[in-house]
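Understanding the architecture of this molecule
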Amino acid sequence: MELFFILTLGLFTQKAFAWGKIAHEATSVIAYQLLNPSTKSKVNQLTGAQDLLEASRWADGIRSLAGWIHTKPFHFTQVHDRTTYYQSLGKATHDEVAQGDAIRALVKAEDTLRSPKASRELKLYALKFIIHFIGDIHQPLHTGRPQDLGGNQVTLEWFGRSDNLHSVWDNGIIRARLNGTLIYRPGISEDLQLYLSLLPKVPNSQVLSWMKGSYLEWHNESLALRAHPYASVNMENEAVVQKYYSVIDQRVQMAGVRIAFVLNNIFDARAVTAEGTDLRRQLSTILGTEQSDEILLGPTEGLMSDNEFPEFDCHHH
């Protein structure tokens, strides 16, 4: 069996969005196809009328709003060259630890969804964060170098306009590919459907092979790939698109598969995986109780309607 990426009308609302949204929405389409019936029912009960497209981009929509600014660091990790995530975390200052990161936010979100004591509201936040942050850790520059803010401070020209490396990998490469002519435009209609149609079919055996590991292992895959964006800085724009679009496509597909993997495990009440248990143990060894207590999934002040999705930039640092 091969996995086909089809946008099912009635389940997902078609809208024209830039790469950041397209990528996250694409992961939600892929994930929804792979949810088992029981999980799908429980997810639908939790989200209510909201579809997974909206849920997938929610974390970007709220992160600059009052009460949610503390979630900005949850979108990425900061790992220096020639070090590991654990090593960088062990050397972090108290303030840096207190800010949190994508790995620790994902652990907290999963534990919240599993908790019988967590409120429905908090579980809904946790679900949205899981869907979004799994996508984020599959983008290599969300593990980017701290000294240039994950490529945000690496400026370049992208098809006739000034841009930065993070934006190109979040946005520019897929936009150029969708446009076909490799001429930058702010967006075209039916972008999401077009992108899904361009994704290659994935054999079932490959899908199953992606359904393993932990947030840290998936993050480390991106860390191993992050040399590619930095190598692309001095390449011609067209060459960047042709050489690296398949890397981005596969990371999007892997993220979608793994969102489903995580949600199926959680809502089927399966135990935390061995890899996930080891991750929690390592975090506790390095940080003590701080590994979860410092991560706030809800707002610090006020509440926002689930249907409010303000515009956002695609820069995640």
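So, a few notes on the structure that sits alongside this text.

**Some thoughts on the packing of helix α8 (residues 165–179) against helix α13 (residues 237–267)**
The contact between α8 and α13 brings their axes to 10 Å, and the two run at 110°. Looking at the two axes, α8 sits roughly perpendicular to α13. In this structure, α8 meets α13 at a crossing whose hand is left-handed. Note on element contacts: α13 touches α8 through V240, V241, Y244, Y245, I248 and D249, opposite W169, I173, I174, A176 and R177. When the residues that make up the contact of α8 with α13 are grouped by side-chain class, the tally is 9 nonpolar, no polar and 2 charged.

**Regarding the packing of aromatic side chains**
Evaluated as defined, the whole model comprises 12 aromatic pairs. Aromatic pair F74 and F133: ring centres 6.4 Å apart, planes at 90°, arrangement edge-to-face. Of this pair, F74 sits in the loop between α3 (52–62) and α4 (85–91) while F133 sits in helix α7 (residues 120–137), and the two are 59 residues apart along the sequence. Here F74 and F133 have matching classes, each one buried. Summarising the aromatic geometry, the rings of W218 and F261 are spaced 6.3 Å apart at their centres and angled 65° between planes, so their arrangement reads as edge-to-face. Of the two residues, W218 sits in helix α11 (residues 215–225) while F261 sits in helix α13, which places them 43 residues apart along the sequence. Accessibility expressed as a relative area gives 1% for W218, which makes it buried.

**Side note on unusual backbone geometry**
A positive phi angle, near 55°, is found at L149, a position not held by glycine. Its place among the elements puts L149 in the loop between α7 and β2 (155–158). Exposure remark for L149: the relative accessible area of 32% places this residue in the partly exposed category. Here A269, not a glycine, exhibits a phi torsion of approximately 60°, which is positive. We classify A269 as exposed; its relative accessible area is 66%.

**Some remarks on empty space enclosed by the protein**
Following the criterion strictly, the structure yields 3 cavities of 30 Å³ or more and no others. Its boundaries defined by the atoms lining it, the second largest cavity holds a volume of some 130 Å³. In this structure, the second largest cavity is lined by 15 residues; those nearest its centre are E110, G213, Y215, V262 and T273. When residues of the lining of the second largest cavity are traced back to their parent elements, those giving at least two are α6 (102–114), α11, α13 and α14 (274–287). When residues of the lining of the second largest cavity are assigned to their parent elements, the largest contribution, 4 residues, is made by α13. Residues that form the lining of the second largest cavity fall into these classes: 7 nonpolar, 5 polar and 3 charged.

**Focus: the packing of α11 against α13**
A pair of packed helices can be characterised by two numbers: the angle between their axes and the separation between those axes. Relative orientation of the contacting elements α11 and α13 amounts to 175°, with a least axis distance of 12 Å. Viewed along their axes, α11 and α13 adopt a mutual orientation that is roughly antiparallel. The segment α11 lies against α13, with Y215, W218, E221, S222 and L225 engaging V247, R251, M254, R258, F261 and V262. Partitioned by chemical class, the residues of the contact of α11 with α13 number 7 nonpolar, 1 polar and 3 charged.

**Description of the environment of S167**
Along the chain, S167 falls in helix α8. Along the sequence, S167 and V154 sit 13 residues apart, while their C-alpha atoms lie 9.8 Å from each other. Of note is the side chain of S167, whose polar atom sits 2.9 Å from the side chain of D163.

**Side note on the pairing of strand β3 (residues 161–164)**
Sheet topology places β2 next to β3; 4 bridges connect them, and they run antiparallel. Paired with T155 across the strands is N164, a residue of β3. Counted along the chain from β2 to the antiparallel partner β3, the turn is 2 residues long, and its residue F159 has a positive phi close to 50°.

**Some points on the nonpolar core**
Among the nonpolar cores identified, the biggest contains 51 residues, and L113, F129, I130, I134, Y215 and L263 are the most heavily contacted of them. Considering every element that reaches this core, the biggest residue donor is α7, with 10 residues. Those residues in contact with L263, other than ones at most four positions away along the chain, are L35, T39, L113, L127, I130 and I131. In terms of nonpolar packing, the next biggest core, distinct from the first, is built from 34 residues, F159, L192, L196 and V247 among them.

Parameters at a glance
- Residues numbered from 1 in each chain as written.
- Predicted model: local features only at pLDDT ≥ 70, side-chain atom pairs only at ≥ 80, totals over all residues.
- Heavy atoms only, no water.
- Axes fitted to C-alpha atoms, helices over the stretch in contact; angles between N-to-C directions.
- Helix = DSSP H or I, 4+ residues; strand = E, 2+ residues; numbered from the N terminus.
- Parallel < 35°, antiparallel > 145°, perpendicular 65-115°, else oblique.
- Left-handed = near helix turned anticlockwise from the far one by under 90°.
- Contact = heavy atoms within 4.5 Å.
- Nonpolar A, V, L, I, M, F, W, Y, C, P; charged D, E, K, R; others polar.
- Phe/Tyr/Trp six-rings, centres within 6.5 Å; stacked < 30°, edge-to-face > 60°.
- Buried < 20%, exposed > 50% of the residue type's maximum accessible area, 1.4 Å probe, protein only.
- 1 Å grid on protein atoms, 1.4 Å probe; cavity = no way out; pocket = protein on both sides within 12 Å on 5 of 7 lines; lining within 4 Å.
- Points joined across faces, edges and corners; volume = space filled by probe spheres on them.
- Polar contact = N/O pair within 3.5 Å; in protein donor to acceptor, adjacent residues only side chain to side chain.
- Pairing = 2+ DSSP bridges.
- Core = buried A, V, L, I, M, F, W, Y, C linked by side-chain atoms within 4.5 Å.

These results come straight from atomic positions and should not be treated as a statement about function.
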